[in-house]
Amino acid sequence: MIEVKKIEKFEKGELEELTSATMNAIEEGIGFGWITKPPKNKVKEYWKGVLLVPNRWLFIGKYKGVVSGSIQVVTFSSTNEAAIFRVFIDTHFVATWARGHGLAKLLIENAENACRKKKYSHVILDVRETQARAINLYKQLGFKLWGKLPAYHKIAEGKMVSGNFYFKSLENS
């Protein structure tokens, strides 16, 4: 019923499904860095671009055979020797219609396993303080809060929302 895979190219229909799932998440307030809903073609171009960036790994999650979520692992540049041991999690989401089946957890577990195989020892991520489900999941999976930023993201009408920053050591987990 749910599955996750790391991809290097989209198979037939996957780009369109991921774009639709992303549009759903944006409409529900996840944002993806946009304040207003972008045109669908802009979101599609974003996902195409992700696969072109060598230090980004894209995992897609499927619910009932349809792409309904993602997670990206962003590795640091080899020129940043001091940070080469850690990765950053980006665009971790599940569309509203596919939530509640364990896909968000499976996405992050697959990303963590890939990181361990590549000998990364720490993961960092950030999330809006309004995303209670994601925050609860990260805490359950052993992520530790290390900071808060009061002016994290601008949302509609110029209002600001706070953000939480988390880390996790992969060495003993």
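In what follows, the structure referred to is the one given above.
A short tour of the structure in this document, coming up. (Residues numbered from 1 in each chain as written. Predicted model: local features only at pLDDT ≥ 70, side-chain atom pairs only at ≥ 80, totals over all residues. Heavy atoms only, no water.)

## Description of the pairing of strand S7 (residues 160-169)
Each regular strand carries side chains that alternate between the two faces of the sheet. Taking burial as the measure, the 10 residues of S7 include 7 buried ones, the bulk of the element. For strand S5 (residues 122-128) and S7, the ladder comprises 7 bridges, and the chain directions are antiparallel. The partner of valine 123 across the bridge, within S7, is lysine 168. Pairing geometry for strand S6 (residues 144-154) and S7, over 7 bridges, is antiparallel. Of the residues in S7, the one forming a bridge with leucine 145 is tyrosine 166. Between the antiparallel neighbours S6 and S7 lie 5 residues, among them glutamate 157 with a positive phi of about 60 degrees. (Buried < 20%, exposed > 50% of the residue type's maximum accessible area, 1.4 Å probe, protein only. Helix = DSSP H or I, 4+ residues; strand = E, 2+ residues; numbered from the N terminus. Pairing = 2+ DSSP bridges.)

## Here we look at the environment of glutamate 27
Looking at the element boundaries, glutamate 27 is found in helix H1 (residues 14-27). Looking at glutamate 27, the relative accessible area reads 47%, which means it is partly exposed. Once the C-alpha coordinates of glutamate 27 and asparagine 136 are considered, the two residues, 109 residues apart in sequence, prove to be 22 Å apart. Of the polar contacts made by the side chain of glutamate 27, one reaches the side chain of lysine 37; its length is 2.8 Å. (Polar contact = N/O pair within 3.5 Å; in protein donor to acceptor, adjacent residues only side chain to side chain.)

## Regarding helix H3 (residues 103-117)
The terminal C-alpha atoms of H3 lie 21 Å apart, and with 15 residues this matches the ideal 21 Å at 1.5 Å per residue to within 8%. Taken together, the buried positions of H3 are occupied by Leu103, Leu107, Ile108, Ala111, Glu112, Ala114 and Cys115. Immediately beyond the C-terminal end of H3, within one or two residues, lies lysine 119, with a positive phi of roughly 70 degrees. (Expected span 1.5 Å × (residues − 1).)

## Digging into the environment of lysine 44
Structurally, the position occupied by lysine 44 is in helix H2 (residues 40-50). Using a relative accessible area of 24% as the deciding quantity, one classes lysine 44 as partly exposed. In this structure the C-alpha to C-alpha distance between lysine 44 and leucine 103, which are 59 residues apart in sequence, comes to 22 Å. Apart from residues no more than four positions distant in its own chain, lysine 44 is found in contact with Leu15, Glu16 and Thr19. Among the polar contacts listed, one links the side chain of lysine 44 to the side chain of glutamate 16, at a separation of 2.7 Å. (Contact = heavy atoms within 4.5 Å.)

## A word on the packing of H1 against H2
At a closest axis distance of 9 Å, the pairing of H1 and H2 adopts a crossing angle of 120 degrees. The angle between H1 and H2 falls in the class oblique. As for the relative orientation of H1 and H2, their crossing is right-handed in sense. Between H1 and H2, the contacting residues are Leu15, Glu16, Leu18, Thr19, Ser20, Thr22, Met23 and Ile26 on the first element and Lys40, Val43, Lys44, Trp47 and Lys48 on the second. (Axes fitted to C-alpha atoms, helices over the stretch in contact; angles between N-to-C directions. Parallel < 35°, antiparallel > 145°, perpendicular 65-115°, else oblique. Left-handed = near helix turned anticlockwise from the far one by under 90°.)

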